[in-house]
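# Understanding the architecture of this molecule
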Amino acid sequence: MEASSAGSSNPTASGGKAKTHQPVAKDVNIFFDELEGVNSPSKDDDSLLHHGNLTSTSDDASRLEVVGEEVPDKNKANGLYFRDGKCRIDYILVYRKSNPQTEKREVFERNIRAEGIQMEKESSLTNSDIIFVKLHAPWEVLGKYAELMNVRMPFRRKIYYLHRRYKFMNRIEKQISRFRGWLPRKPMKLDKETLPDLEENDCYTAPFSQQRIHHFIIHNKDTFFNNATRSRIVHHILQRVKYEEGKNKIGLNRLLSNGSYEAAFPLHEGSYRSKNSIKTHGAENHRHLLYECWASWGVWYKYQPLDLVRRYFGEKIGLYFAWLGWYTGMLFPAAFIGLFVFLYGVTTLNHCQVSKEVCQATDIIMCPICDKYCPFMRLSDSCVYAKVTHLFDNGATVFFAVFMAVWATVFLEFWKRRRAVIAYDWDLIDWEEEEEEIRPQFEAKYSKKERMNPISGKPEPYQAFADKCSRLIVSASGIFFMICVVIAAVFGIVIYRVVTVSTFAAFKWALIRNNSQVATTGTAVCINFCIIMLLNVLYEKVALFLTNLEQPRTESEWENSFTLKMFLFQFVNLNSSTFYIAFFLGRFTGHPGAYLRLINRWRLEECHPSGCLIDLCMQMGIIMVLKQTWNNFMELGYPLIQNWWTRRKLRQEYGTQRKTSFPQWEKDYNLQPMNAYGLFDEYLEMILQFGFTTIFVAAFPLAPLLALLNNIIEIRLDAYKFVTQWRRPLASRAKDIGIWYGILEGIGILSVITNAFVIAVTSDFIPRLVYAYKYGPCAGQGEAGQKCMVGYVNASLSVFLVSDFENRSEPTSNGSEFSGSPLKYCRYRDYRDPPHSPVPYGYTLQFWHVLAARLAFIIVFEHLVFCIKHLISYLIPDLPKDLRDRMRREKYLIQEMMYEAELERLQKERKERKKNGKSYHNEWP
């Protein structure tokens, strides 16, 4: 088996086996020698290439045949093996013969073969200029680098230990299981018979060691390392191979960036579709199994097969889907409570005293909400808006805001526990990232200055402190400038709203004229969304430029810096208008006769007579729906269109039958590559949605429900995209979700503050409470029911003398259509004295009571919720107790197993020495 490795086989292998494989090794070596003997660009000539068989790749063969047996036809037939049908393809490199970087490729490929990697080339069936380089790592190479990379492999089946204290529960458990037998089966669980037995999840693991290879469970050396691990090892080698003489001329990434290679990727394990049903014939391969059990729309209600996702795509992608599934599951109680708050508003709508008074206030005439063209209006005309406002702003809103603040903390704390369980099951508890490599850009920039690495003791490039500080200052200035651009965009939207209100008020169509403020808000939100999407494109380029300007030392530092900038840009871009509507709209407008104006020209926009909360609800609802719809289209629709166009061109040129028989590497090359930033876009979309779900949830209780519906679709969209539309990404390991967890904690803290201000400032909760206890019919009685709100609407409106209007604010109509004579007085929302008082239009005592109550509520709400959050964080441990006990038990058992295995080996050696007649007096044991 080892002798089949052309580039690294042991020439001293035993006779029969060596003779069996000699022709194969000879042919491959001749092919390599011919390539190495040519130093001109003619090396990429077609005469040196082999055109592969046009076969289907539906079968996932995972085993190489034993030496001396006939090579199976199915291995030759599919596109997952070399032409000999024995060597499995672990990695694919793609280049064009017309590319001038031939010499670099020659050196790179020669050094690859020197590392023991076997290589085979094949030209594309659709374009003779495209060359596929197939790479295979033999057992010796895999073992050597698995030991260097500390790859953990299974060595003993797990022994599940139950403490005595659980034995007395056996009878109760039997009764519970008998009761469960009467209930229907859980529809959300996957069929265990469908999923394969993932052996590594039921075994203790340890870093692979060739000296202790007898400790590990090796049934077949060809399947001991799974496909994802093999590809990761090959990629590790490619990242450390030189392509040119020089200190920095190393690694596959540089060859991809300079165009020497066009693409590099591991292969998918065959087709994701099959003519046969998975229930009757089983899965053809893991990709097919993932499609049927995970990416198919028919299983949208089932749990995700996370172990299979981790095995196929690696721990990093597996953790993303584990977090997304956990977040979606935690949204169920939030969505239920939010829907309950909304339905509570619906059921109590007819009993709401405030909305009743608004609808019955036909004799109250409100002042115009804009200059000149806006007419006087009856308060009863805003009856619909008052009722809609009650749906979101009712007695349950405060409870829901507290619940969501606590929910955010519970979500994060229980995710820690869930992540710990996953890390244990996936063997990530003791895994630490190896010493990270320095980025090539950093190395090239600072190669002249070096200092000793305190860990490795080797010299490495060094960035001076002054240079680092100056770059950080420039980067921070760029961030500040882009935030100013966002504020300028919001300022433009504000001007649009101010100008458009008057325009819509003078519109010819009665529908728009009578609903000018709603029309203004709706169009402003749509325009704001378009500006958000345009600025996002600009922000990505600016964030990339600023991050590269900082010259981060390692890839993780680069990723964290870029992530923080992009999140900050997009968060400010997405929420700036929402913050304006929530906390500034209608707050600083002045009063009739003394309006505050923008640039001494435009009168600032006022809230609707029913309040500003309806504007905030419209802003959040429209932005959230449009953003999620657009993201889902770009995530799936764009790759689908691109892949469809590629298939269409192939179908036109080669016909349907020939297209289906392309080898696997050709099919995968025609798929779309994964995003350049990895999982960044997926995480960013969900984190921004988490912000929408928590930050202004007091104003829009249906946000968790919309997020839940979107995420149920999002999981299957992402799964479908990874399995069918993208090339297979390189499997990589990770312990957690990285910097995103800190961002989630920051959003959770911000949500407490914003919801406190939304309830106290934006909604009418505090003014109603003050009226009920201090000024209403129940003042001094300690009651606050609906009967105590009688007269609230009249008490919340101030009186204005129409003759006191400014010339530029005076409306064109005199209000004679209401009473037959010109109006003398109109009303507006504020707590001010009447015009004939000693201090006309001065603040009343009720205004100061409301202001004091609002400030007191903010302080009490924040301190109370933060205390609850910290208490929950303290009470919920990061590690479940049973997991902690299992980890301690496992550590003890591993030590015992390793000792027993070593003792057994020494005893075997002692017996062999005695058989051979050798004995040592000082031998132990």
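All values reported here derive from a predicted model rather than from experimental measurement.

Attention shifts here to the overall build of the protein. When helices and strands are counted, the protein shows 31 helices and 16 strands. In the protein, which comprises 925 residues, the share counted as buried stands at 50%. Of all intrachain contacts in the protein linking residues separated by at least 6 positions in sequence, the fraction that spans at least 24 positions is 76%.

It is worth spelling out the state of the cysteines at this point. Tallied over the full model, the rule gives 3 disulfides. One disulfide in the model links Cys 359 with Cys 383; its S-S distance is 1.9 Å. The sign of the S-S torsion, about 80°, decides the handedness of the disulfide formed by Cys 359 and Cys 383: right-handed. With Cys 359 in helix α13 (residues 353-360) and Cys 383 in helix α14 (residues 383-392), the pair connects residues that are 24 residues apart, well separated along the chain.

Here we take up the packing of helix α12 (residues 315-347) against helix α24 (residues 680-695). Contact geometry for α12 and α24: axes closest at 12 Å, N-to-C directions at 20°. On the basis of their axis angle, the class for α12 and α24 is roughly parallel. Where α12 crosses over α24, the handedness of that crossing is left-handed. In contact with Leu 319, Tyr 320, Trp 323, Leu 324, Tyr 327 and Leu 331 of α12, α24 contributes Glu 682, Tyr 683, Met 686, Ile 687, Gln 689, Phe 690 and Thr 693. Of the residues belonging to the contact of α12 with α24, the class tally is 10 nonpolar, 2 polar and 1 charged.

Attention now goes to empty space enclosed by the protein. A probe as big as a water molecule, rolled over the atoms, marks out the empty space that is left. Going through the model one piece at a time under the given rule, you end up with 9 cavities of 30 Å³ or more. Within this model, the largest cavity holds a volume of roughly 180 Å³. Val 354, Val 358, Pro 609, Ser 610 and Arg 829 are the residues nearest the centre of the largest cavity, which is lined by 17 residues in total. Looking at the lining of the largest cavity, the elements that each hand over two or more residues are α13, α14 and α28 (792-795). When its residues are assigned to classes, the lining of the largest cavity shows 9 nonpolar, 5 polar and 3 charged.

Attention now goes to helix α20 (residues 555-583). With 29 residues, α20 should cover 42 Å at 1.5 Å per step; its first-to-last C-alpha distance of 40 Å lies within 8% of that length. Roughly 40° is the biggest bend found in α20, and it falls at Asn 575. Across the 29 residues of α20, 21 count as buried, placing the element largely inside the fold.

When the terminal C-alpha atoms of helix α31 (residues 881-915) are compared, their 51 Å separation across 35 residues agrees well with the 51 Å that a helix rising 1.5 Å per residue should span. Among the residues of α31, those classed as buried are Leu 883, Glu 890, Leu 893, Met 897 and Ala 901.

The next subject is the packing of aromatic side chains. Counted by the stated rule, this structure contains 51 aromatic pairs. Aromatic pair Trp 294 and Phe 313: ring centres 6.3 Å apart, planes at 50°, arrangement tilted. Residue Trp 294 is found in helix α10 (residues 286-295), and its partner Phe 313 is found in helix α11 (residues 306-313); the two are separated by 19 residues along the sequence. Residue Phe 313 is classed as buried on the basis of its relative accessible area, which comes to 1%. Considering the side-chain rings of Tyr 843 and Phe 847, the 3.9 Å spacing of their centres and the 15° angle between planes classify their relative orientation as stacked. Residue Tyr 843 is classed as partly exposed on the basis of its relative accessible area, which comes to 38%. Phe 847 gets classed as buried once you look at its relative accessible area, which sits at 19%. The cationic tip of Arg 728 hangs over the ring face of Tyr 312; the distance from NZ or CZ to the ring centre is 3.9 Å. The side chain of Arg 832 reaches across the aromatic face of Tyr 843, ending 4.2 Å from its centre.

This brings us to the confidence of the model for the protein. Scored by pLDDT, the protein comes out at a mean of 78, with 81% of its residues at no less than 70. Across residues 1-71, where pLDDT falls below 50, the model places 135 contacts with residues more than four positions away in sequence or in other chains. Per-residue pLDDT stays below 50 along residues 920-925; that stretch engages in 7 contacts with residues further than four places along the chain or on separate chains.

This paragraph deals with the packing of α20 against α24. Contact pair α20 / α24: the axes reach a minimum separation of 11 Å and the direction vectors enclose 35°. When you trace α20 past α24, the crossing you get is right-handed. Taken together, the residues of α24 that come into contact with α20 (itself represented by Phe 562, Thr 563, Met 566, Phe 567, Gln 570, Phe 571, Leu 574, Asn 575 and Phe 579) are Phe 680, Leu 684, Ile 687, Leu 688, Phe 692 and Ile 695. Here the residues of the contact of α20 with α24 are counted per class, giving 12 nonpolar, 3 polar and no charged.

Moving on, we get to the pattern of salt bridges. Scanning the model with the defined rule gives 26 salt bridges in all. Residues Arg 152 and Asp 427 are paired through a salt bridge, measuring 2.7 Å at the closest nitrogen-oxygen approach. Remark: Asp 427 occurs in the loop between α15 (397-425) and α16 (440-445) and Arg 152 occurs in strand β4 (residues 152-157); sequence separation between them is 275 residues. The closest approach of N and O atoms between Asp 467 and Arg 471, which form a salt bridge, is 3.1 Å.

With phi around 55°, Gln 551 is a residue other than glycine that occupies positive phi space. Here Gln 551 lies in the loop between α19 (516-550) and α20. The buried category is assigned to Gln 551, whose relative accessible area is 12%. Even without being glycine, Tyr 841 reaches a positive phi, approximately 60°. Here Tyr 841 lies in the loop between β16 (825-829) and α30 (845-875). We classify Tyr 841 as buried; its relative accessible area is 10%.

Take the sheet that holds strand β2 (residues 118-123) next. As summarised here, the arrangement of the 4 strands in space is β2-β3-β1-β6, forming an open sheet in which the pairing is antiparallel. For this open sheet the edge positions go to β2 and β6 (263-265), each flanked by a neighbour on one side alone. Across the sheet, the mean angle separating the axes of adjacent strands is 20° when strand polarity is ignored. As defined by bridge partners, strand β1 (residues 91-96) adjoins strand β3 (residues 130-136) across 6 bridges and the pair is classed as antiparallel. Among the inter-strand pairings, Val 94 is bridged to a residue of β3, identified as Phe 132. Running over the sheet, helix α3 (residues 102-114) touches β1, β2 and β3 and is turned about 160° from β1. Along the sheet face, helix α7 (residues 227-238) touches β1 and β3 and points at about 50° away from the line of β1.

What counts and how
- Residues numbered from 1 in each chain as written.
- Predicted model: local features only at pLDDT ≥ 70, side-chain atom pairs only at ≥ 80, totals over all residues.
- Heavy atoms only, no water.
- Helix = DSSP H or I, 4+ residues; strand = E, 2+ residues; numbered from the N terminus.
- Buried < 20%, exposed > 50% of the residue type's maximum accessible area, 1.4 Å probe, protein only.
- Contact = heavy atoms within 4.5 Å.
- Disulfide = S-S within 2.5 Å.
- Axes fitted to C-alpha atoms, helices over the stretch in contact; angles between N-to-C directions.
- Parallel < 35°, antiparallel > 145°, perpendicular 65-115°, else oblique.
- Left-handed = near helix turned anticlockwise from the far one by under 90°.
- Nonpolar A, V, L, I, M, F, W, Y, C, P; charged D, E, K, R; others polar.
- 1 Å grid on protein atoms, 1.4 Å probe; cavity = no way out; pocket = protein on both sides within 12 Å on 5 of 7 lines; lining within 4 Å.
- Points joined across faces, edges and corners; volume = space filled by probe spheres on them.
- Expected span 1.5 Å × (residues − 1).
- Bend = angle between axes of the 7 residues up to and from the residue.
- Phe/Tyr/Trp six-rings, centres within 6.5 Å; stacked < 30°, edge-to-face > 60°.
- Lys NZ or Arg CZ within 6 Å of the ring centre and 35° of its normal.
- pLDDT = per-residue confidence, 0-100.
- Salt bridge = Lys/Arg side-chain N within 4 Å of Asp/Glu carboxyl O.
- Pairing = 2+ DSSP bridges.

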